[in-house]
Amino acid sequence: MSNIKKWKDKIVYQIFPRSFKDSNNDGDGDLQGIISKLDYLSNLGINAIWLTPIYETQFADAGYDVLDYHKVWKQFGTLNDFKKLAKECKKRKIEIIMDLVLNHVSDEHPWFIKAKSDPKSEEYSYFIWTDKPGDEESIFGGSAWEYVPEIKKYYYHLFTPQQVDLNWGSEKTIKAMAKVVDFWYDLGVRGFRFDAIQHVSKEYVKGHFTHSFAPKMVSYLQALEANIQNPGKDMFIVGEASGINPKKAIKYTRGKEYIADAFYNFSWWWIGWNKNTGRNGIDESWKVSDFANQDAIEYQNNPKIKSHQIFNFLTNHDTSRAISRYIKDKKYYVQGAKSLALFIFAQKGIPSINYGEEIGMLNGGFHQRSDFRDVDAYNSFKIFVDEQKIYTEAHMLKSHNYNSRDNSRIPMQWDKTEFHGFSDNHQPWIKFGDHIGKHNVESQIKSRDSIFNFYKKIIKLRKGQLRNLLVNGESSMMINDDEVIVIVRVYKNRKIKAICNLSNEPKKYKFNAKDIIISTYKDTESNVLRPYESVLVELSC
Ligand code: TEU
């Protein structure tokens, strides 16, 4: 187990490196770009950055298709740049969380090239093969089996065909992955995000092919951890498993079935997704009460779940941007963005902010298919529009402008110049968002009531005045009949309450304006919450 004391204080900032800051004007963000913005991040107050994969890649799935785990993708820079980043982060007491893609490698990875050229090679056993493919499907659509004519076999891929699933039954695979952890540990990395952790084992369970939380998952991951040179001591592992729930989170973060120190809290990511086609569709009939769903409440109310064991987020690189998705009325974007921030920061758990969320960056604005870069989005046009014809082109576009992952991967908006401070004068690899206006760093830093300054304030409260309450306090979440969500935190003889109106309607709720610590509006009256007005109040115990 790990240095929990240190990690429970973390406020994580997720960076999608290709879109953060382009230092060499080639249209791709890079490590030097990140280094140049560390002072900005320190000023915001965050103390950990999570980098989505920076390894050598074909970028078939945004870097989650790794060619070499020991190299930095050339578009992002070099290992020396990474060393510099680690040094500069250390100076500022910012931890780095590396995204470790465990479940699969790129189909151009030397292991797979060797495996498919020689079924007798050791590398062949690193992958999952069959002569007769079943009807298993890939998460990104189509069959999960791909034919290799040279050897007349099919290999298994849960995601794209360019992401070949590893056979975790092979000890060699496990040892190779442990070496990857050691490699980055030696470069100063202490935080690891284990990607798609629920999928590492593929097994037949009672005759059914199972790829999520299959029985051997625990022993595979424990074997990995046993092979790491610096097991535990000062490392922190956050598991990414979209099928997690509070019961599983308890089970897998302790005792005999320990596999990670924390898990992402996936309680909200599905809100607005279509019941059948997920994020490749849309469902606008969601309700505010969905935010206080059973899992979300259980994560808060169950004292067995400790504050360092969940990472709370509303936006990440697998969702669209929360503000565009959840704030129904444009006029309230600012108050809405602040309310969502308060909702996350008031909860037990480590908050994880997606880059740009702190300035209220909105969804991208994609006008045609070719504007998309995400493999999941462009596959969906082929499958749901061209082949199955269940959606029209226009409907698919509308859905993706609401839910596509590309929305949270657009270039960061630093200032009002033509290239928004992202690059000097080079077009970026993915289009800029349409709605830039006031959603840029430069203007928000200057404006006292900006979303940025709200984040800054709430981060300061979490690190200072309210640290014990927000980091160590007991928590409970509830929702009333009027859909006001309330989060109460108690520590020793202090008690605070976040009263969140995540709707565009006014609500009545009993509280005293003089007890307000922070509010999403400039002025506040007692006992009434305007649209998206949320307040944090101190209560007498
Ligand atoms: O996501 C994993 C992921 O989305 C699955 O765990 C999930 O089970 C599935 O979506 C269920 O619908 C990670 C990355 O975050 C994502 O960006 C990658 O595309 C994916 O792994 C493949 O590496």
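Presented here is a report on the structure given in the accompanying data block. Note that this is a predicted model, so its numbers are computed, not measured.

**Looking at the overall build of the protein chain**
Thinking step 1. A tally of regular secondary structure across the protein chain gives 16 helices and 24 strands.
Thinking step 2. The C-alpha atoms of the protein chain give a radius of gyration of 23 Å, which matches the 24 Å a tight globule of 541 residues would have.
Thinking step 3. Overall, the C-alpha framework of the protein chain stretches about 75 × 50 × 45 Å when taken along its three principal axes.
Thinking step 4. Each of the 541 residues in the protein chain was classed as buried or not, and the buried ones make up 62%.
Thinking step 5. Long-range contacts, defined as pairs at least 24 residues apart, comprise 68% of the intrachain contacts of the protein chain with a sequence gap of at least 6.
Thinking step 6. Summed over its atoms, the accessible surface of the protein chain is roughly 21400 Å², and 49% of this surface lies on carbon and sulfur atoms.
Thinking step 7. Distance between charge centres in the protein chain, computed from 77 positive and 68 negative side chains, equals 7 Å.

**Some details on the packing of aromatic side chains**
Thinking step 1. A full pass over the atoms with the stated rule returns 46 aromatic pairs.
Thinking step 2. Between Y55 and W184 the ring centres are 5.7 Å apart and the planes differ by 75°, which places this aromatic pair in the edge-to-face class. Taken together, the residues span a long stretch of sequence, with Y55 in strand β3 (residues 55-57) and W184 in helix α6 (residues 171-186) at a distance of 129 residues.
Thinking step 3. Judged by relative accessible area, W184 falls into the buried class, the value being 0%.
Thinking step 4. Among the aromatic residues, ring-to-ring pairing joins W7, W50, F236, Y264, F266, W269, W273, F311 and F313 into one connected group.
Thinking step 5. For R190, the ring lying beneath its charged end belongs to Y185, and the centroid distance is 3.6 Å.
Thinking step 6. Positioned above the aromatic ring of W286, the side-chain terminus of K328 is 4.3 Å from the ring centre.

**Some remarks on the pattern of salt bridges**
Thinking step 1. Counting across every chain of the model gives 33 salt bridges.
Thinking step 2. Note that K6 is salt-bridged to E95, the shortest N-O span being 3.0 Å. Taken together, the residues K6 in helix α1 (residues 4-7) and E95 in strand β5 (residues 95-101) connect sequence positions 89 residues apart.
Thinking step 3. R92 is the salt-bridge partner of E88, the closest N and O atoms lying 2.9 Å from each other.
Thinking step 4. Relative accessible area serves as the criterion here: at 11%, E88 is assigned to the buried category.

**What to know about the site of the ligand**
Thinking step 1. In the neighbourhood of the ligand, 18 residues make up the surrounding shell, with D61, D195, H199, S242 and D318 lying closest.
Thinking step 2. Separating an oxygen atom of the ligand from a side-chain N or O atom of E240 is a distance of 3.3 Å.
Thinking step 3. Protein burial of the ligand: of its 500 Å² of free accessible surface, 90% is covered by the chains.

**Things to note about the pairing of strand β24 (residues 534-539)**
Thinking step 1. Where strand β20 (residues 494-500) and β24 come together, six bridges link them in antiparallel fashion. Directly across from A498, in β24, lies its bridge partner L536.
Thinking step 2. Judged from the three bridges that link them, strand β22 (residues 516-519) and β24 form a sheet pairing that is antiparallel. Along β24, the bridge assignment pairs S519 with V535.

**Here we look at helix α5 (residues 110-117)**
Thinking step 1. Every buried residue of α5 is accounted for by W111, F112 and A115. Buried residues in α5, looked at end-on, bunch into an arc of 90°, giving them a common side. Every exposed residue of α5 that faces more than 90 degrees away from the buried side is listed here: P110 and S117.
Thinking step 2. Where α5 is buried, its residues touch β6 (104-106), β7 (129-130), β9 (153-156), β10 (163-165) and α6.

**Quick look at helix α12 (residues 375-387)**
Thinking step 1. Along α12, the residues that are buried comprise V375, D376, A377, N379, S380, F381, I383, F384 and V385.
Thinking step 2. Next to the buried residues of α12 lie α13 (393-403).
Thinking step 3. If you check the start of α12, you find a side-chain oxygen 3.1 Å away from the backbone N of D376, and it comes from D374.
Thinking step 4. One or two positions beyond α12, positive phi appears at K389, with a value near 55°.

**Description of the sheet that holds strand β8 (residues 145-148)**
Thinking step 1. Pairing is antiparallel in the open sheet, where three strands are placed in the order β7-β9-β8. In the strand order of this sheet, the two ends are held by β7 and β8, each with one partner.
Thinking step 2. Alignment of β8 against β9, held across four bridges, turns out to be antiparallel. Residue W145 lies in a different strand from β9, and its bridge partner there is Y156.

**A closer look at the side chain of Q347**
Thinking step 1. Within the secondary structure layout, Q347 lies in the loop between α11 (333-345) and β17 (350-354).
Thinking step 2. We classify Q347 as buried; its relative accessible area is 0%.
Thinking step 3. Here Q300 takes part through its side chain, which lies 3.1 Å from a polar atom of the side chain of Q347.
Thinking step 4. When near neighbours in sequence (up to four residues on either side) are disregarded, Q347 contacts W268, Q300, N312, R462, L470, M477, I487 and R489.

**Observations concerning the environment of K348**
Thinking step 1. Take K348: it is sitting in the loop between α11 and β17.
Thinking step 2. Sequence spacing of K348 and S540 is 192 residues, and the spatial spacing of their C-alpha atoms is 20 Å.
Thinking step 3. Residues in contact with K348, not counting those within four places in the same chain, are Y299, Q300, N302, P303, I305, K306, S307, I310, N312, S475 and R489.
Thinking step 4. In terms of polar contacts, K348 uses its side chain to reach the backbone carbonyl oxygen of I305, at 2.8 Å.

**Quick notes on the sheet that holds strand β15 (residues 262-265)**
Thinking step 1. Sheet architecture is closed into a barrel: eight strands sit in the order β1-β2-β5-β11-β14-β15-β16-β17, paired in parallel fashion. Geometrically, the sheet is characterised by an average inter-axis angle of 30° between neighbouring strands, direction not taken into account.
Thinking step 2. Pairing between strand β1 (residues 12-15) and strand β2 (residues 48-51): four bridges, direction parallel. Its bridge partner lying in β2, I15 is registered against L51.

**Re the pairing of β17**
Thinking step 1. Counting buried positions over the five residues of β17 gives five, a clear majority of the element.
Thinking step 2. By the alternation rule, side chains of β17 split into I350, S352 and N354 and P351 and I353, which are all buried.
Thinking step 3. The pairing of β1 with β17 spans three bridges and is classified as parallel. If you follow Q14 over to β17, its bridge partner there is N354.
Thinking step 4. Here strand β16 (residues 310-312) pairs with β17 via two bridges, running parallel. Looking at β17, one finds that F311 is bridged to I350.

Criteria and cut-off values
- Residues numbered from 1 in each chain as written.
- Predicted model: local features only at pLDDT ≥ 70, side-chain atom pairs only at ≥ 80, totals over all residues.
- Heavy atoms only, no water.
- Helix = DSSP H or I, 4+ residues; strand = E, 2+ residues; numbered from the N terminus.
- Rg over C-alpha atoms; globule rule 2.2 N^0.38 Å.
- Buried < 20%, exposed > 50% of the residue type's maximum accessible area, 1.4 Å probe, protein only.
- Contact = heavy atoms within 4.5 Å.
- Areas by Shrake-Rupley, 256 points an atom, 1.4 Å probe, with all protein chains shown as cover.
- Lys, Arg positive; Asp, Glu negative; His and termini not counted.
- Charge placed at Lys NZ, Arg CZ, Asp CG, Glu CD.
- Phe/Tyr/Trp six-rings, centres within 6.5 Å; stacked < 30°, edge-to-face > 60°.
- Lys NZ or Arg CZ within 6 Å of the ring centre and 35° of its normal.
- Salt bridge = Lys/Arg side-chain N within 4 Å of Asp/Glu carboxyl O.
- Near = heavy atom within 4 Å.
- Polar contact = N/O pair within 3.5 Å; in protein donor to acceptor, adjacent residues only side chain to side chain.
- Pairing = 2+ DSSP bridges.
- Arc of directions from axis to C-beta.
- Axes fitted to C-alpha atoms, helices over the stretch in contact; angles between N-to-C directions.

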